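Chains, contacts and geometry: an overview
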Amino acid sequence: MKSNISNALAVAAVVAIIAVGIGTGLFAGYFMTNAPIEHSQGNTGPASAAPYSLVMVITTNNIYNSTVGAQPAFFLLNNGTLESTSNISLPANRQIDLTIINYDDGNGSVASIYANVTGTLNGKETIYNNTNINSTNSGSQIAVNGSQQVASVNPNIIAHTFTVFNGSKEVLNIPIVESSVIQASFTLASGTYSWQCEVACGTGSSGWEGAMNTNGWMAGTVSVH
Ligand SMILES: [Cu+2]
């Protein structure tokens, strides 16, 4: 009986921690993904269209193949289902509210320019850190129950980036720190873009094989229309 009460308290505590740590934005974002999404806004422009919610999850224990074993990967979270990120469809000229839930507690080699946030509406991203239970040793030293708006992060604690290119031109860079939830807002004009993680989180001597050069893992396209 006593342990049942303890368990119930523990569950309530975890729910409270998640609610505080992730904040209302993520939950609002989650519910918004369940709402009908209007892709065609005519000439009404971005101001009159509600923000579009894009939620992605990074997991680590995905079996790439029997030789390589586990590799990290980005997934879309859509109506509670994890879907491939090989081609991400987004509405044009409309505010995208991006949430990335990162379960990867590791970091990797990355060029220092990708520690900078670029292409977001205010040039910043919001980091909700230590959102994984038992991740209080994360190196970012950002408060457990808090969030922080940043224009750049420490390059030594970046697990992955979500970096979008128009041809070879970088149009968006979101550095994703270890064990974190990241939120940022941006807009894109119509077109076909590519996305790539810039942290060498794959296989091979360079770390740029495996997940890094495979669409739907650490790369893909972004179709904006
Ligand atoms: Cu990566």
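What counts and how
Residues numbered from 1 in each chain as written. Predicted model: local features only at pLDDT ≥ 70, side-chain atom pairs only at ≥ 80, totals over all residues. Helix = DSSP H or I, 4+ residues; strand = E, 2+ residues; numbered from the N terminus. Buried ≥ 20, exposed ≤ 12 C-beta atoms within 10 Å, placed from the backbone. Contact = placed C-beta atoms within 7 Å. pLDDT = per-residue confidence, 0-100. Core = buried A, V, L, I, M, F, W, Y, C linked by C-beta atoms within 7 Å. Pairing = 2+ DSSP bridges. Axes fitted to C-alpha atoms, helices over the stretch in contact; angles between N-to-C directions.

The next subject is the overall build of the protein. If you tally the helices and strands in the protein, you get 2 helices and 12 strands. Order of helices (α) and strands (β) in the protein, N terminus to C terminus: α-α-β-β-β-β-β-β-β-β-β-β-β-β. Burial status across the protein gives 34% buried among its 225 residues. Considering only residue pairs separated by 6 or more positions, the protein has 69% of its internal contacts joining residues 24 or more positions apart.

The predicted model of the protein averages 81 in pLDDT, with 71% of residues at 70 or higher. Scored below 50 in pLDDT, residues 1-44 shows 30 contacts in the model against residues more than four places distant or in partner chains.

Take the nonpolar core next. Residues Ile100, Ile158, Ile174 and Ile176 are the most contacted members of the largest nonpolar core, which totals 43 residues. Excluding residues within four positions of it along the chain, Ile174 makes contact with Leu98, Ile100, Val117, Glu125, Thr161, Phe162, Ile182 and Ala184.

Next up on the list: the sheet that holds strand S12 (residues 219-224). Read across the open sheet, the 5 strands follow the order S4-S12-S11-S8-S9; overall the sheet is mixed. Both outer strands of the open sheet, strand S4 (87-90) and strand S9 (169-177), are each paired with one neighbouring strand and no more. Averaged over all pairs of adjacent strands, the angle between their axes in this sheet comes to 20 degrees, without regard to strand direction. Across 8 bridges, strand S8 (residues 158-166) lies against S9 in antiparallel orientation. If you follow Asn166 over to S9, its bridge partner there is Lys169.

A few words now on the pairing of strand S10 (residues 180-186). A regular strand places its side chains on the two faces of the sheet in alternate fashion. With 6 of 7 residues buried, S10 lies mostly within the body of the structure. Note that strand S5 (residues 96-102) and S10 share 7 bridges and pair antiparallel. Its bridge partner being in S10, Leu98 is matched across the sheet by Ala184. Bridge count for strand S6 (residues 125-129) against S10 is 4 bridges, and the pairing is antiparallel.

One open sheet holds the 7 strands; their spatial order is S3-S2-S1-S5-S10-S6-S7, and the pairing between them is mixed. In the strand order of this sheet, the two ends are held by strand S3 (81-84) and strand S7 (147-150), each with one partner. Within this sheet the neighbouring strands show an average axis-to-axis angle of 30 degrees, counted without direction. In terms of strand pairing, strand S2 (residues 69-78) meets S3 through 4 bridges, oriented antiparallel. Looking at the pairing, Leu76 lines up with Glu83 of S3.

What follows deals with the pairing of S12. When S4 meets S12, the two strands line up parallel, connected through 4 bridges. The partner of Leu90 across the bridge, within S12, is Val224.

Considering the arrangement of structural elements, one finds Asn87 in strand S4. In this structure Asn87 comes out as partly exposed when scored by C-beta crowding, with 14 C-beta atoms within 10 Å. Asn87 sits 11 residues away from Leu76 along the chain, and the two C-alpha atoms are 10.0 Å apart.

In this structure, Asn79 is a non-glycine residue whose phi angle is positive, near 50 degrees. If you trace the backbone, Asn79 turns up in the loop between S2 and S3. Of the residues examined, Asn79 has 8 C-beta atoms within 10 Å and is grouped as exposed. Phi is positive for Ser179, close to 45 degrees, though the residue is something other than glycine. Here Ser179 lies in the loop between S9 and S10. When the 24 C-beta atoms within 10 Å are taken as the criterion, Ser179 is described as buried.

Positionally, Gly167 belongs in the loop between S8 and S9. Of the residues examined, Gly167 has 10 C-beta atoms within 10 Å and is grouped as exposed. As for Gly167 and Thr192, which are separated by 25 residues in sequence, their C-alpha atoms are 8.8 Å apart.

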